[in-house]
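The primary structure of each chain is shown beneath.
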Amino acid sequence: MTLSTTAPAQTVPARRTTGPVAAAAARREAGAASVVASLGADGLIAVTPQGSWQARPPERRAGNPTGAGDAAVAALTLGLVAGTPWPERLAVAVALSAATVAAPLAGDFAPAVHADLRERVDVRTLNHLRSPRCP
């Protein structure tokens, strides 16, 4: 996997890594404050100064994935603005993303599915991964 990020007025290429967690850790080492990576239907990972987590939905949802990534980004942004702790922020984002897939219309979400999944998203600390301090 090769990953790169865009910083103001520059592109920083990443080194080759062996998976999304290693790629996220490499981005932190390269100077990113916090990194969130999508695992698609398997949820999200986050590597931050506060810790590292993986959030997984309790089951896969069939449906239309259009807008699911946008919904996750919206939930993460809301959590950032509100100062929500990372584990809760990730759980809300994974639940909203899955609820978007379950909605009958692209770009919509199923509120009842979101409420149900929010309580059942599995958020685990990635203890084997230390979040390096960045300058």
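Everything numeric here is computed off the predicted structure, so don't read it as measured data.

Asker: Describe the pairing of strand β3 (residues 35-38), naming the residues involved and giving the relevant values.
Answerer: Side chains V35 and A37 project from β3 onto a buried face, and the interleaved V36 and S38 project onto a face without burial. Alignment of β3 against strand β4 (residues 44-48), held across 4 bridges, turns out to be antiparallel. Opposite V35, over in β4, you have V47 as the bridge partner. Adjacent in sequence and paired antiparallel, β3 and β4 are bridged by 5 residues, among which G40 carries a positive phi angle near 65°.

Asker: Describe the sheet that holds β3, listing the residues and the values that go with them.
Answerer: If you walk across this open sheet you meet the 4 strands as β3-β4-β5-β6, and the pairing is antiparallel. Lying at the two open borders of the sheet, with one neighbouring strand each, are β3 and β6 (122-125). Across the sheet, the mean angle separating the axes of adjacent strands is 15° when strand polarity is ignored. Running at roughly 30° to β4, helix α1 (residues 20-29) makes contact with β3 and β4 of the sheet.

Asker: Explain the pattern of salt bridges residue by residue, including any values.
Answerer: Any two side chains of opposite charge can pair, given that their charged atoms come close. The final tally for this structure, using the stated rule, is 6 salt bridges. The partner of E59 in a salt bridge is R120, with the nearest N and O atoms 3.1 Å apart. Of this pair, E59 sits in the loop between β5 (51-56) and α2 (68-82) while R120 sits in the loop between α4 (111-118) and β6, and the two are 61 residues apart along the sequence. With a relative accessible area of 29%, E59 lands in the partly exposed category. The partly exposed category is assigned to R120, whose relative accessible area is 37%. One salt bridge in this structure joins D122 and R124, with 2.7 Å as the shortest N-O distance. One network of salt bridges, with partners in common, ties together E59, R61, D116 and R120.

Asker: Give a description of the packing of helix α3 (residues 86-102) against α4 that names residues and reports values.
Answerer: Between α3 and α4, the least distance of the axes is 8 Å, while the angle of their chain directions is 145°. By crossing handedness, the relation of α3 to α4 is classed as right-handed. The residues of α4 that touch α3, namely those facing E88, A91, V92, A95, L96, A98, A99 and A102, are V113, H114, L117 and R118. Across the contact of α3 with α4, the residue classes break down as 9 nonpolar, 1 polar and 2 charged.

Asker: Tell me about the confidence of the model for the chain, and please be specific about residues and values.
Answerer: Summary statistics for the chain give a mean pLDDT of 84 and a share of 81% for residues scoring 70 or more. Confidence drops under pLDDT 50 across residues 1-12; counting only partners more than four residues distant or on other chains, this segment forms 22 contacts. With pLDDT under 50 throughout, residues 130-135 is counted as low confidence; its partners more than four residues away or in other chains account for 14 contacts.

Rules behind the numbers
Per-chain numbering applies: the sequence of each chain, read as written, is numbered from 1 onward. Only residues with pLDDT of at least 70 are given local features in this predicted model, and only at 80 or more are side-chain atom pairs given and counted; all residues enter the totals for whole chains, interfaces and linings. Computation of side-chain values: all heavy atoms of the structure, hydrogens and water removed. We call a residue buried when its accessible area falls under 20% of the maximum for its residue type, exposed when it is over 50%, and partly exposed in between, using a 1.4 Å probe and counting protein chains only. Strands here are runs of E lasting at least two residues and helices are runs of H or I lasting at least four, both read from the DSSP assignment and numbered beginning at the N terminus. For two strands to pair, DSSP has to find at least two bridges joining them. Between N-to-C directions, angles cover 0 to 180 degrees, with each direction set by a line fitted to C-alpha atoms, over the stretch in contact for helices. Every residue pair with non-hydrogen atoms within 4.5 Å of one another is taken to be in contact. In the sections that follow, a salt bridge refers to a side-chain nitrogen of Lys or Arg positioned within 4 Å of a carboxyl oxygen of Asp or Glu. In a left-handed crossing the near helix is turned counterclockwise from the far helix by less than a right angle, and in a right-handed crossing that turn is clockwise. For this classification, the nonpolar set comprises Ala, Val, Leu, Ile, Met, Phe, Trp, Tyr, Cys and Pro, the charged set comprises Asp, Glu, Lys and Arg, and every other residue, Gly included, is treated as polar. For every residue, the predictor reports its confidence as pLDDT, a number between 0 and 100.

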